[in-house]
Amino acid sequence: MTFEYSLAQLTVLETSPVEIAKIATECGYDYVSLRQIYMGVKGEKIYDLRKDKKLMQELKGILKNTGLKVLDIELARIFDGVNIKDYEPAMETCRELGGKHILSSIWTDNKDFYTEEFAKLCDLAKSNGLTVDVEYVPIAGVNNLKQTVELLNDVNRDNAGIMLDMHHIHRAGDNTEDIAKIPKEWFHFAHLCDASGEIPKEKEEMIRIMREARDYVGDGGIDIASILNSMPIVPYSIELPNSAHIKEYGLKGHAQNCLDKAKAYCNKFVKGRE
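Calculation notes
Residues numbered from 1 in each chain as written. Predicted model: local features only at pLDDT ≥ 70, side-chain atom pairs only at ≥ 80, totals over all residues. Heavy atoms only, no water. Phe/Tyr/Trp six-rings, centres within 6.5 Å; stacked < 30°, edge-to-face > 60°. Pairing = 2+ DSSP bridges. Helix = DSSP H or I, 4+ residues; strand = E, 2+ residues; numbered from the N terminus. Axes fitted to C-alpha atoms, helices over the stretch in contact; angles between N-to-C directions. Contact = heavy atoms within 4.5 Å. Expected span 1.5 Å × (residues − 1). Buried < 20%, exposed > 50% of the residue type's maximum accessible area, 1.4 Å probe, protein only. Arc of directions from axis to C-beta. Parallel < 35°, antiparallel > 145°, perpendicular 65-115°, else oblique. Left-handed = near helix turned anticlockwise from the far one by under 90°. Nonpolar A, V, L, I, M, F, W, Y, C, P; charged D, E, K, R; others polar.

Right, let's talk about the packing of aromatic side chains for a bit. Enumeration over the complete set of coordinates arrives at three aromatic pairs. Members of the aromatic cluster, joined through ring pairs, are Phe-3, Tyr-5 and Tyr-236.

Here you go:
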């Protein structure tokens, strides 16, 4: 069975699109997952490919010469006061680079509002030939599987999907039986990482682990195999920020460890839902 892997921006957050593409190529990834919609988090640098034509051309050259592909662009958040049209330039970037997916998450508790705005996001993405994939986050407005499934059923858009992150599934307490009930066509890619089996009681500690201390696949306490075997085989984007590992191994070394560990684990344990 052939698995495909993407290097997610958060794993090597401070890199430019060209730098992450070079690292991904040298390590043997199939894709990169780029951040072109910025969140203002610590360590995040802005590299706007719509404005930086030189950077865009250099990235295109790497993609053309190496066969590396862009998997998705992140992160189109739905929050109070959002203007969905603000995400159109990033969608155009994704389409221009051959990407297929826009990653989204919901950061408001207003269900009527976020349902309407997510529907708008899907419609805008469809005009660019893209899917929109919801990632639920345990500290966000939509923070579990049930809410995400309800949202996708409510908007009923054929380009809407779900993006499952191993850390978030575990922290939300969701189960594989419910994952196995999700329509196969909703799955386009997933986030791989590991973390301790014990769920932090303090929100601040959960955020710290989520943003800078995730484990290599197989090194933590999450039953990743059961999750992946309850869903179809899709490209796996390795989102595994770990500041200690980067300090020890460097950006490329960390990215290589991420891929090597994920490959070994998936080749041994993952068959996937038919």
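Taking strand neighbours across the sheet as the criterion, the eight strands line up as E6-E5-E4-E3-E2-E1-E8-E7 in an open arrangement whose pairing is parallel. Whereas interior strands pair on both sides, the edge strands pair on one side only; in this sheet they are strand E6 (160–162) and strand E7 (190–192). Neighbour-to-neighbour, the strand axes of this sheet turn through a mean angle of 30 degrees, independent of strand direction. Inspection of the sheet shows E7 paired to strand E8 (residues 236–238) by three bridges, in the parallel sense. Bridge pairing in E8 links Ala-190 to Tyr-236. Packing against the sheet, helix H4 (residues 111–126) makes contact with strand E3 (69–78), strand E4 (101–106), strand E5 (131–134) and E6, and its axis sits at approximately 150 degrees to E3. Sitting on the sheet, helix H5 (residues 145–155) is in contact with E4, E5 and E6, with an inclination near 170 degrees to E6.

A few words on helix H2 (residues 53–66). With 14 residues, H2 ought to run about 20 Å at 1.5 Å a step, and its terminal C-alpha atoms sit 20 Å apart, in line with that. Among all positions of H2, only Leu-55, Met-56, Leu-59, Ile-62 and Leu-63 are buried. Seen along its axis, H2 keeps its buried residues to an arc of 125 degrees; they face one direction. Among the exposed residues of H2, those oriented more than 90 degrees off its buried face are Lys-53, Lys-54, Gln-57, Lys-64 and Asn-65. Count one or two residues on from H2 and you reach Gly-67, which has phi positive near 85 degrees.

At a minimum axis distance of 10 Å, the contact between helix H1 (residues 17–27) and helix H10 (residues 243–269) shows a crossing angle of 50 degrees. Classified by the angle between their axes, H1 and H10 sit oblique to one another. Between H1 and H10 the crossing geometry is right-handed. Listed contacts from H10 to Ile-23, Glu-26 and Cys-27 of H1 are Leu-251, Lys-252, Ala-255, Gln-256 and Leu-259. Its residues assigned to classes, the contact of H1 with H10 shows five nonpolar, one polar and two charged.

The subject of this paragraph is unusual backbone geometry. Keep in mind that most residues, glycine aside, have a negative phi and that most peptide bonds are trans. Residue Leu-75 is bonded to the preceding Glu-74 through a cis peptide linkage, with omega at -5 degrees. Following the sequence through the fold, Leu-75 ends up in strand E3. The phi torsion at Asn-156 lies on the positive side, around 50 degrees, for a residue other than glycine. Examined against the element boundaries, Asn-156 turns out to sit in the loop between H5 and E6.

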